[in-house]
Structure formats: C-alpha cells, structure tokens
Amino acid sequence: MSTQRQQTTRRKTTLALEIGLLLLLSLIWGSSFTLIKVAIPTIPPFTMVAARVTIAAIILILIALAQGHALPRRGSDWAALFVQGLLQSALPFTLISWGEAHIASGLAGVLNATPPMFVLAIAMMTVRGRLSINGQKLIGVGLGLAGVAVTIGADAFSGIGTAAPLAQAAVLCASLCYALAPIWGQRFSGRPAIVTAAGAMSCAALLMLPIAAALEQPWTLAPPPAQAIAAVIALAVVCTAFAMVIYFRLIHTLGPLGTTSGSYLRAGFAVALGTAWLGEQFTWSSIAGMLFILAGVVAVTVPAPAHGARRPAG
C-alpha cells in the first residue's frame, strides 16, 4: 500500500507541475497578443514574424547544441519539422499579426481560444479519438466556451460586426493551425523537446525570411520605435523560444487536447493584458469568465476517475 501511495503522490505531483507549466505557457502566449499590438503599427506582419522566428531559432539551436544534442540529418525528419514549423509558428503568427492590425488584441485572443474545438472535431473523425473523449472532457470544453463568452461580455459581441471580417477569419484560421500542430507534433515524442523546437523554428525562419524580403522589403522601412523593437525581442525570446520548449513538453505529457486547452486561459490573459496595457475596454465579466475558463482547463486536463474500481472491504 505504501508503494501505491507513493506512486499516486508522484503522479499528482507530476500532474500539478504540468498544469503549472500550462498556466505559465498560457500567460506567456496571452501576453503575445499585447506585444503584437504594440509592434504592428510600425513593423509589418511578415517582417515581424520573420524577426521573431529567426531570433527564436538561433536561441533554440544554441541551447540544443549546448546540451549536447544533434540536429536531425535525414531529409524526411526535416520535412516533418517543416510542417510543424508551418503549423505552429510561421502561418498562425502571420495570420494573428495581420489580424491584429484590424481588431483589438483582446478580441484576437478570444477568437484564438478555439483550438480545443478543432481538436475535438478532428478526434471525432477517428474511432480511436471518439473512444478517448469522455463526458468530462466535453464538459470542460463547454465550460471553456462559456468562459470565453463571458470574458468578452455581451457588449463585445456588438462590436464584432464592425471589425474587419477577414481579420477575424485569419485569427480563426490560426486557431485551426494551433489545433493541427500538436496532433502533428506527437510524431516527435521520441526526440528531445529542445531539438524539435529548434528544428521546427529553423524551418519557420527559412520560410519567413524570403517572404518578408520579397513582400515588405524591411530594409526600406522607417526605423521602428524602441518599444516596438523591445516587443519583437520579447516575442522572440519569451513568447517563442522559451514557450516552445514548454509546448513540446506538454504535447508529450498532456496530449493535444490538454495542451490546446490552455488557449482558454490564453484568451483570458489576452483580454486582461489588453485592458491593463493598451486601455482596451474592461468589463468585470472578465473575472467570472476566467473562473469558467480555469474550470474548463482543469476538466480537460485532469484524468477522469476510474469507474468500477472496487472499494476496500470493511
């Protein structure tokens, strides 16, 4: 019994650590919407994303090499990492950055809270996926959606029709990318997270640098203000390099649905930070919404209790 209690305690401790990392990742990525909003007026989207992923790729490669890891050598590995870099970084970063040129950062964060919906929809298309989805996860998703609705408040819905429809669609497409990315990323489970992050980010950089050069010619732009440069550096170092190491760890420990459930909290943080830093409209419903969101994340990530377990006699 003592051994079983020790194992149970270790499992609970490990789960608490993973949920803590999920909360940290949600805060980091929630702040990215605010940082993008600071930079986008003076740094166009392709250039911003190219700088962000290139700086992050260099940092991740240096960390991987310092830890004694070797980057993949096979072409098939790099092809898979290219898809990962496209889904997790290059495409959604660009879509969100462009979208935030037209809509508020808080609204972008809320619209980007939908990856778990896409993950569930994708899972429902397979027999194995349907078997892995239980009532608790469905309730968690429902609580998360309710939290998102409460967070943005009834007044925010009246403004959605006046925002650029393409910008809203772009952010939703980014959510689809974020849903597909952890599913694709499961194939890298046998590789250190830092190696996967470094390889995927390198592919994203190789894709975005020529696109930014061809479409925006960043060398011809006026020098951006210091706060915009600082925002891009923070996006690269904290919101991308550091966050990706946590992200690929969580894919292995919490799975795709558990990892994407952090998007609910990310929405809450995006609204809160947009209100505090950018003066975007604040409503007290954000507090109530965050409680729903947190409950949804817990329901999605915490394993359901086993049914049919025998109770001890006595």
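For the structure, check the block above.
This write-up is about the structure you can find in this document.

Conventions used here
Counting starts from 1 at the beginning of each chain's written sequence and moves along it residue by residue. Whole-chain, interface and lining totals are the exception, using all residues; otherwise, since this is a predicted model, local features are given only for residues with pLDDT of at least 70 and side-chain atom pairs are given and counted only at 80 or more. Side-chain calculation: all heavy atoms of the structure are included, whereas hydrogens and water are not. For the purposes of this entry, the term helix denotes a DSSP run of H or I that reaches at least four residues, the term strand denotes a run of E that reaches at least two, and both are numbered from the N terminus. Any two residues whose heavy atoms approach within 4.5 Å are treated as being in contact. For accessible areas, the Shrake-Rupley method is used with a probe of radius 1.4 Å. Any residue's cover is judged against the shown protein chains and nothing else. The span you would expect from a helix comes to 1.5 Å times its residue count less one. The buried label goes to any residue with under 20% of its type's maximum accessible area, the exposed label to any with over 50%, and the partly exposed label to all in between, with areas taken from a 1.4 Å probe on protein chains only. Interaxial angles span 0 to 180 degrees and are taken between N-to-C directions of axes, which are lines fitted to C-alpha atoms, for helices over the stretch in contact. Angular relationships are summarised with four words: roughly parallel below 35 degrees, roughly antiparallel beyond 145, roughly perpendicular across 65 to 115, and oblique for the angles in between. Polar here means any residue other than Ala, Val, Leu, Ile, Met, Phe, Trp, Tyr, Cys and Pro, which are nonpolar, and Asp, Glu, Lys and Arg, which are charged; Gly is therefore polar. In this description, a nonpolar core means a group of buried Ala, Val, Leu, Ile, Met, Phe, Trp, Tyr and Cys residues linked to one another through side-chain atoms lying within 4.5 Å. Patch membership is restricted to residues that have no salt bridge and whose relative accessible area is over 30%. Joining uses 9 Å for like charges and 5 Å for the nonpolar side chains Val, Leu, Ile, Met, Phe, Trp and Tyr. In the sections that follow, a salt bridge refers to a side-chain nitrogen of Lys or Arg positioned within 4 Å of a carboxyl oxygen of Asp or Glu. Here a Phe, Tyr or Trp ring, Trp counted by its six-membered ring, pairs with any other such ring whose centre lies within 6.5 Å, and the pair is stacked when the planes are under 30 degrees apart, edge-to-face when over 60, and tilted otherwise. In this scheme, Lys NZ or Arg CZ marks a charge over a ring once it lies within 6 Å of the ring centre and within 35 degrees of the ring normal. The crossing is said to be left-handed when, going from far helix to near helix, the turn is anticlockwise and less than a right angle, and right-handed when the turn is clockwise.

### Focus on the overall build of the protein
- Each helix and strand in the protein was counted, giving 12 helices and zero strands.
- Shown N-terminal to C-terminal, the secondary structure of the protein runs as helices and strands in the order α-α-α-α-α-α-α-α-α-α-α-α.
- Sequence-distant contacts in the protein: of pairs separated by 6 or more residues, those separated by 24 or more amount to 91%.
- Of the roughly 14900 Å² of accessible surface on the protein, a fraction of 70% belongs to carbon and sulfur atoms.

### Looking at helix α2 (residues 45–66)
- Taking 1.5 Å as the rise per residue, α2 with 22 residues should run 32 Å; its terminal C-alpha atoms sit 32 Å apart, in good agreement.
- For α2, the full list of buried residues reads Pro45, Thr47, Met48, Val49, Ala50, Arg52, Val53, Ala56, Ala57, Leu60 and Ala64.
- Backbone geometry just after α2 places glycine 68 at a positive phi near 85°.

### Some thoughts on unusual backbone geometry
- Residue glutamine 217 is not a glycine yet carries a positive backbone phi of 45°.
- You can see glutamine 217 is positioned in the loop between α9 (193–215) and α10 (226–260).
- Taking the relative accessible area as the measure of exposure, glutamine 217 reaches 39% and is therefore partly exposed.

### A look at the packing of helix α5 (residues 115–123) against helix α11 (residues 262–278)
- Their axes nearest at 7 Å, the elements α5 and α11 cross at an angle of 160°. As far as their axial angle goes, α11 and α5 are roughly antiparallel. Seen from α5, the contacting residues are Pro115, Pro116 and Met117; seen from α11, they are Ser263, Tyr264 and Arg266.
- Split into classes, the residues belonging to the contact of α5 with α11 amount to four nonpolar, one polar and one charged.

### Looking at the nonpolar core
- Residues Trp29, Met48, Val53, Met244, Tyr247 and Phe248 are the most contacted members of the largest nonpolar core, which totals 76 residues.
- Once you skip the residues sitting within four places of it in the chain, tyrosine 247 turns out to touch Leu25, Trp29, Gln84, Gln88, Ala181, Pro182 and Thr259.

### Quick look at the environment of glycine 144
- Secondary-structure assignment places glycine 144 in helix α7 (residues 135–160).
- Each C-alpha atom, one on glycine 144 and one on phenylalanine 292, is 6.2 Å from the other, the two residues being 148 residues apart in sequence.

### Points about a nonpolar patch on the surface
- A contiguous nonpolar patch, built from Leu24, Leu27, Ile55, Ile229, Ile233, Val237, Val238 and Phe242 and spanning about 590 Å² of accessible area, is present on the exposed surface.
- Elements that contribute at least two residues to the nonpolar patch include exactly α1 (2–39) and α10.
- No other element matches α10, which puts five residues into the nonpolar patch.
- In this structure, isoleucine 233 sits in helix α10.

### A word on the environment of proline 224
- Inspection of the secondary structure puts proline 224 in the loop between α9 and α10.
- Owing to a relative accessible area of 27%, proline 224 belongs among the partly exposed residues under this scheme.
- When the C-alpha positions of proline 224 and isoleucine 40 are compared, they lie 10.0 Å apart, and in sequence the two are 184 residues distant.
- Ignoring sequence-local partners within four residues, the contact set of proline 224 consists of Thr42, Ile43 and Ile229.

### Focus on the packing of aromatic side chains
- As enumerated under the stated definition, the model contains three aromatic pairs in all.
- Each ring, one from tryptophan 29 and one from tyrosine 178, has its centre 6.3 Å from the other, and the planes form 15°; the classification is stacked. Of the two residues, tryptophan 29 sits in helix α1 while tyrosine 178 sits in helix α8 (residues 165–185), which places them 149 residues apart along the sequence.
- Arranged with centres 5.1 Å apart and planes meeting at 75°, the rings of tyrosine 247 and phenylalanine 248 form a pair that is edge-to-face. For the residue pair tyrosine 247 and phenylalanine 248, the accessibility class agrees, reading buried in each case.
- One aromatic cluster is present, built from ring pairs that chain together Trp29, Tyr178, Tyr247 and Phe248.
- The aromatic ring of phenylalanine 93 is capped on one face by arginine 52, whose charged end is 3.6 Å from the ring centroid.
- Its end group placed over the ring of tyrosine 178, arginine 266 keeps NZ or CZ at 5.3 Å from the ring centre.

### Here we look at α11
- Here α11 spans 23 Å end to end across 17 residues, near enough to the 24 Å set by a 1.5 Å rise per residue.
- In terms of residue burial, α11 counts as a mostly covered element, since 12 of its 17 residues are buried.
- Just downstream of α11, glycine 279 is the residue with a positive phi angle, here 75°.

### Some details on the packing of α2 against α9
- Close contact between α2 and α9 brings their axes to 7 Å; oriented N to C, the two are set at 150°. On the basis of the axis angle, α2 is roughly antiparallel to α9. Handedness of the α2/α9 crossing: left-handed. Residues Phe46, Thr47, Val49, Ala50, Val53, Thr54, Ala56, Ala57, Leu60, Ile61, Ile63 and Ala64 of α2 lie in contact with α9, whose contacting residues are Ile194, Ala197, Ala198, Met201, Ser202, Ala204, Ala205, Met208, Leu209, Ile211, Ala212 and Leu215.

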